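# Report on the structure
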Amino acid sequence: MTPLAPPLVAHPPARRLVPLLVGLTLLAPLVAVFFGVADLPLGDVAAVLTGGGSAEARSIILDIRLPRIVTGMLAGMQLATAGFLLQTITRNPLADPSLIGVSQGATLSVTLFLMIAVYSHDPTPTTLVALPWSWLPAVGMLGGLVAGGLIYLMTLRHDLGPLRLTLCGVAMGALLQALALGIVAGWGSSRMEVLLEWLSGSLYARRWEHAVFLAPFTVAGLAVLPLLRRPLELLRFESTVARSFGSAYRRDFSAVLFVSCALAASAVGAVGPIVFVGLIVPHLARKLARGHFPLVLPLTVALGAITVTVCDLLGRLLGGADEIPIGVVTALCGVPVLIALLRRTP
Amino acid sequence: MLLHARDLTVRYGQRTALSGFALQLEPGEVRALIGPNGSGKSTALQALAGLVGAAAGRVEIEGRSVFAMGRRELARHLAFLPQQPVAPDEMTVGQLVRQGRFAHVGLFKSYGPDDEATIAWALDSTGLARFAERPLNALSGGERQRAWISAALAQEARILFLDEPTTFLDIGYQVELLDLVYRLSRERGVAVVMAIHDLNQAMSVADRISVMEGGRCVFDGEPGALASSGLIERVFRVQGRFVDLAPDAPPHFDVDLLRRHSPVGLTAQSLSH
C-alpha cells in the first residue's frame, strides 16, 4: 500500500466560520431585542433582560419583541433546512418549500378556514368578528402537510424520483394556488387584509404561542438531521449510483421529504410563506462551506435564523409604525443575493 | 459459486429487454458481456445488481437471493459502476471515493484507519492519489472515469460490475483499466463482469464471454470457443475472421472494410467534391 493521499479534512477557512456564525446567531437576536418601533432606552432593555425594568418596558420586550424574535428564528431555521433538504434530494438548485406544494397547500387551507370561520360566525360582512387567530398555524400546517402528502403519493405511483417530484409539485402547487386565488377573488370581503397579511409572510403580532407551536418541530427536525447526514450525501447522486453505493434510495428519499415537509409546513403555518429563505439561505451556506458538504447543513440552520431575524429587524426599522412584512424584506434582499450568486455560477 | 443467476427476465412496459438470462460467476473470474447496441447488456448488469425489477428469475450471491438483501448489504458484496454516472457539483475526487465506504460505515460509524487505507488504496490503484482534492468537474473525461472506478474499488466488494468502463478513455487508459481489472481478479480474487464494446479487448482480458443478442444470451463460454463459433459475424452483422497473433494469445478478430476489398485512390475528382 502506497503513501496516503492528503487527509480529507474541512478547509480551514470554512472551519473558522463556525464560531463566527454561532456568534452571529446569538448576536442577531440580541440586537433585534434592543431595536423596535417603540423607542426604549438601551438601559431599560438591559434592565428587562437582567430581570428588572419598568412594567411597560417588560411588556414590550417580553410579550412583543422576544416571542416575535424567537418565532422568527425557529421559522427561519426550519424553512432554510427544508429548502436545503429539498434542493439536495431533487438535485434542483431552485427547489424550496413551495416546490412540494407546502406553501400553496397552507395558503389554500388558511383561505378556506378564514372564509368558513367568518361566514359561520358572522353573516353580516360589516361587523368584525374575533378571528380564530390561534388556529391559523395548525390549519396552515395541516394544509401544507396534506399538499405535500398528495404530491408524495402522486410521485410514488411512478418511480420516486427528483424529476417526477418536481413536475408533480409544480402542477399541484399551481392548482392549489389557483384555487386559493379563486376563493379570494370570489370572496371579495374586507377581511382579505387578514389573509393578505398572512400571505406575505409576517412576524407581526407573533406571540409565545407561536414559538411554542414551532419549537417541537424545530427540535425534532434538527434532532433527526444527524440520522439523515449520510443518506443525504448519497441522495445527491442519481438513484442508480446511490443504490449501488448502498443507499436505500426510496426509504431515504421519503424520509428526507417527510422531514422537509413537516419543517416547512409548520413554519409556513406559523409565519406564512416567507419567500426566498428556503431558496437563498442554502445557497449562501454552500458558498460559505466551499465544497465541504458536511458543513452546509449547520451553516444553513444558523444562517436561516440570522437571516429571518435581521430581515425582520430591517422591516420593523425601515417601515416605522407601518412595518414592512418580513416576506417582502426577504424577497427584496433575496433577489440581489440570488443574482450575485448566479453570476459566480458557471 | 460466487454468483448464480437463472431465468432472469426484465420487461419495460410491453418490451422485453432481457429474457431467460443466466450467468454463473466464480471468484476471480473476468467475464465480458458483449453484443450490439440495445442487445440488453446494461439491462443484464442492472438486473444482476438488483437495480431494475426482474419479472422473473433469481440472482443469488453465495446462495442468498440478491432481491432479499438490503442495498447496503448488497453493496458490500457487489459494486456496480453504471455508464456515464453523474456526480454532484463541486464534489472532489476524494469525496466521491469516500462514498464507496458507505456500505461499510453505515449511518453513524466514523471512518477508521481501515477505511482511510482502503480509500488511499482505491485512489492509488487508478493513479489518482494526487487528484484527491480536485473537483470532479475540473477533470478530463478519462480522469473522471477513473475516479468513479476508485469509488467502486473503495467498496471492497468481491464482485465488480462495470458498464462500458473504457468508453471514454484513450487507448493508454483503456489498457490501464483492463490491466487493473486483471490484477484485481488475480491478486484479490475479485470477480468482474463488464459490458464492453471492443471485441478484441474482451477476447484478451476475459476468462469467459457472454454474447447478447435481442435481450438473450446466445453464447456463454471461453474466448477460444467464441472464435470458432462464427457467431460474431452474425450478431454484429460484419464480415471478418479470427487470426492468431501469438501461439498462447486469444485470436484477434480482423474485420473486413469496404476499403480493403475495393480500394479507390484519392483522385482529383473525389477531392473536388
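Procedures and definitions
- Residues numbered from 1 in each chain as written.
- Chains lettered and ligands numbered in written order.
- Predicted model: local features only at pLDDT ≥ 70, side-chain atom pairs only at ≥ 80, totals over all residues.
- Heavy atoms only, no water.
- Helix = DSSP H or I, 4+ residues; strand = E, 2+ residues; numbered from the N terminus.
- Buried < 20%, exposed > 50% of the residue type's maximum accessible area, 1.4 Å probe, protein only.
- Contact = heavy atoms within 4.5 Å.
- Areas by Shrake-Rupley, 256 points an atom, 1.4 Å probe, with all protein chains shown as cover.
- Rg over C-alpha atoms; globule rule 2.2 N^0.38 Å.
- Pairing = 2+ DSSP bridges.
- Salt bridge = Lys/Arg side-chain N within 4 Å of Asp/Glu carboxyl O.
- Polar contact = N/O pair within 3.5 Å; in protein donor to acceptor, adjacent residues only side chain to side chain.
- Nonpolar A, V, L, I, M, F, W, Y, C, P; charged D, E, K, R; others polar.
- UniProt positions renumbered as here; feature names shortened; annotations may be inferred.
- Core = buried A, V, L, I, M, F, W, Y, C linked by side-chain atoms within 4.5 Å.
- Axes fitted to C-alpha atoms, helices over the stretch in contact; angles between N-to-C directions.
- Patch = residues over 30% accessible without salt bridge, like charges linked within 9 Å, V, L, I, M, F, W, Y side chains within 5 Å.
- Parallel < 35°, antiparallel > 145°, perpendicular 65-115°, else oblique.
- Left-handed = near helix turned anticlockwise from the far one by under 90°.

So, on to the overall build of chain A. Counting secondary structure elements, chain A contains 13 helices and zero strands. Along chain A, helices (α) and strands (β) appear in the sequence α-α-α-α-α-α-α-α-α-α-α-α-α when read from the amino end. By residue count, 53% of the 346 residues in chain A fall in the buried class. In chain A, of all internal contacts separated by at least 6 residues, the share reaching a separation of at least 24 is 77%. For chain A, the computed accessible surface area is about 15,400 Å², with 72% contributed by carbon and sulfur atoms.

Our next topic: the overall build of chain B. Counting its regular elements, chain B contains twelve helices and twelve strands. Over its C-alpha atoms chain B spans a radius of gyration of 20 Å, differing by no more than 12% from the 19 Å that the globule rule assigns to 273 residues. Considering only C-alpha atoms, chain B reaches an extent of 70 × 45 × 45 Å along its principal axes. Among the 273 residues that make up chain B, the fraction classed as buried is 52%. Taking the contacts inside chain B whose residues are at least 6 apart along the sequence as the reference set, 63% of them involve residues at least 24 apart.

The next subject is the pairing of strand β9 (residues 208-213) of chain B. Residues and elements named next belong to chain B. Relative to β9, strand β3 (residues 30-34) runs parallel, the two being bridged by four bridges. In the sheet register, Arg31 faces β9, and the bridge partner there is Arg208. Bridge analysis of β9 against strand β10 (residues 216-221) gives five bridges, and the strand direction is antiparallel. Within β10, the residue paired with Met212 across the bridge is Cys217.

This brings us to the interface of chain B and chain A. Facing the 41 residues of chain B at the interface are 28 residues of chain A. For the pair chain B and chain A, the number of links is zero salt bridges. At the junction of chain B with chain A, the criterion picks out nine residue pairs in polar contact (both at pLDDT 80 or more). When contributions to the side of chain B that touches chain A are tallied by element, the ones reaching two or more residues are α2 (71-77), β6 (78-81), α3 (93-99), α4 (102-105), α5 (113-125) and α6 (141-154) of chain B. Looking at the side of chain B that touches chain A, its residues break down into 25 nonpolar, nine polar and seven charged.

Turning our eyes to something else, we now look at unusual backbone geometry. Non-glycine residue A:Arg91 carries a positive phi angle of around 50°. If you trace the backbone, A:Arg91 turns up in the loop between α3 (55-90) and α4 (102-121). On the basis of relative accessibility, which here comes to 40%, the residue A:Arg91 falls in the partly exposed class. The backbone of B:Glu164 shows a phi angle near 45°, a positive value even though the residue is not glycine. Position of B:Glu164 relative to the elements: it lies in the loop between β7 (159-163) and α7 (171-188).

A word on the sheet that holds strand β4 (residues 56-61) of chain B. Residues and elements named next belong to chain B. The four strands are arranged β2-β1-β4-β5 in an open sheet whose pairing can be described as antiparallel. Strands at the two margins of the open sheet, each flanked by one partner only, are β2 (15-25) and β5 (64-65). In the sheet, β4 pairs with β5 via two bridges, with the strands oriented antiparallel. Residue pairing across strands places Glu60 opposite Ser65, the latter belonging to β5.

Let us now look at the UniProt feature "domain: ABC transporter" (unreviewed entry) in chain B. Mapped onto the present numbering, the UniProt feature "domain: ABC transporter" (unreviewed entry) falls at residues 3-239 of chain B. Secondary structure within residues 3-239 of chain B divides into 38% helix and 25% strand; the distance between the first and last C-alpha atoms comes to 35 Å.

So, on to the pattern of salt bridges. All names here are of chain B. Enumeration over the complete set of coordinates arrives at 18 salt bridges over all chains. For the salt bridge of Arg158 with Glu62, the shortest nitrogen-to-oxygen distance reads 2.7 Å. Linking Arg158 in the loop between α6 and β7 with Glu62 in the loop between β4 and β5, this pair joins segments that are 96 residues apart in sequence. Overall, the relative accessible area of 38% leaves Arg158 in the partly exposed class. Between Glu116 and Arg98 there is a salt bridge whose closest N-O contact spans 3.2 Å. Here Glu116, found in helix α5, pairs with Arg98, found in helix α3; they are 18 residues apart in sequence, far enough to count as distant. A network of salt bridges, in which partner residues are shared, links Glu29, Arg31, Arg208 and Asp220.

With that settled, the discussion passes to the nonpolar core. Core analysis: the largest hydrophobic core is formed by 144 residues, its most contacted members being A:Phe237, B:Ile34, B:Val93, B:Leu96, B:Leu160, B:Ile209 and B:Leu226. For this core, the element with the highest residue contribution is α3(A), accounting for 16 residues. Sequence-distant contacts of B:Ile209, defined by excluding residues within four places in its chain, comprise B:Arg31, B:Ala32, B:Ile34, B:Ala202, B:Met203, B:Phe219, B:Asp220, B:Gly221, B:Pro223 and B:Leu226. Grouped together as the second largest cluster of nonpolar side chains are 30 residues, B:Val10, B:Leu45, B:Leu78 and B:Phe80 included.

Another aspect to go through is the sheet that holds β3(B). All names here are of chain B. Strand order in the open sheet formed by six strands is β6-β7-β8-β3-β9-β10, and the pairing between neighbours is mixed. Lying at the two open borders of the sheet, with one neighbouring strand each, are β6 and β10. For this sheet the average axis-to-axis angle between neighbouring strands, irrespective of direction, equals 15°. Judged from the five bridges that link them, β7 and strand β8 (residues 191-195) form a sheet pairing that is parallel. The residue bridging Leu160 from the neighbouring strand is Val192, located in β8.

Here the focus is the pairing of β2(B). Residues and elements named next belong to chain B. By the bridge criterion, seven bridges tie strand β1 (residues 3-12) to β2 in an arrangement that is antiparallel. Directly across from Tyr12, in β2, lies its bridge partner Arg15. Hairpin connection of β1 to β2: two residues between the antiparallel strands, including Gly13 at a positive phi of 65°.

Residues and elements named next belong to chain A. A contiguous nonpolar surface patch, about 670 Å² in accessible area, is contributed by Leu20, Leu24, Leu27, Leu30, Val31, Phe35, Leu49 and Leu317. With five residues, helix α1 (residues 12-34) is the single largest residue contributor to the nonpolar patch. For Phe35, the position within the fold is in the loop between α1 and α2 (42-49).

For the rest of this paragraph, the subject is the packing of α3(A) against helix α8 (residues 208-235) of chain A. For any two helices packed against each other, one specifies the crossing angle of their axes together with the interaxial distance. Residue and element names in this part refer to chain A. At their nearest, the axes of α3 and α8 sit 9 Å apart, and the two run at 25° to each other. In terms of orientation, α3 and α8 fall into the roughly parallel class. The chirality of how α3 crosses α8 is left-handed. The class makeup of the residues in the contact of α3 with α8 is 19 nonpolar, six polar and no charged.

Let us look at the environment of B:Ile232. Among the secondary structure elements, B:Ile232 is positioned in helix α10 (residues 231-236). Filtering out sequence-adjacent residues up to four positions away, B:Ile232 remains in contact with B:Ile34, B:Leu199, B:Leu226, B:Arg237, B:Val238, B:Phe242 and B:Phe253.

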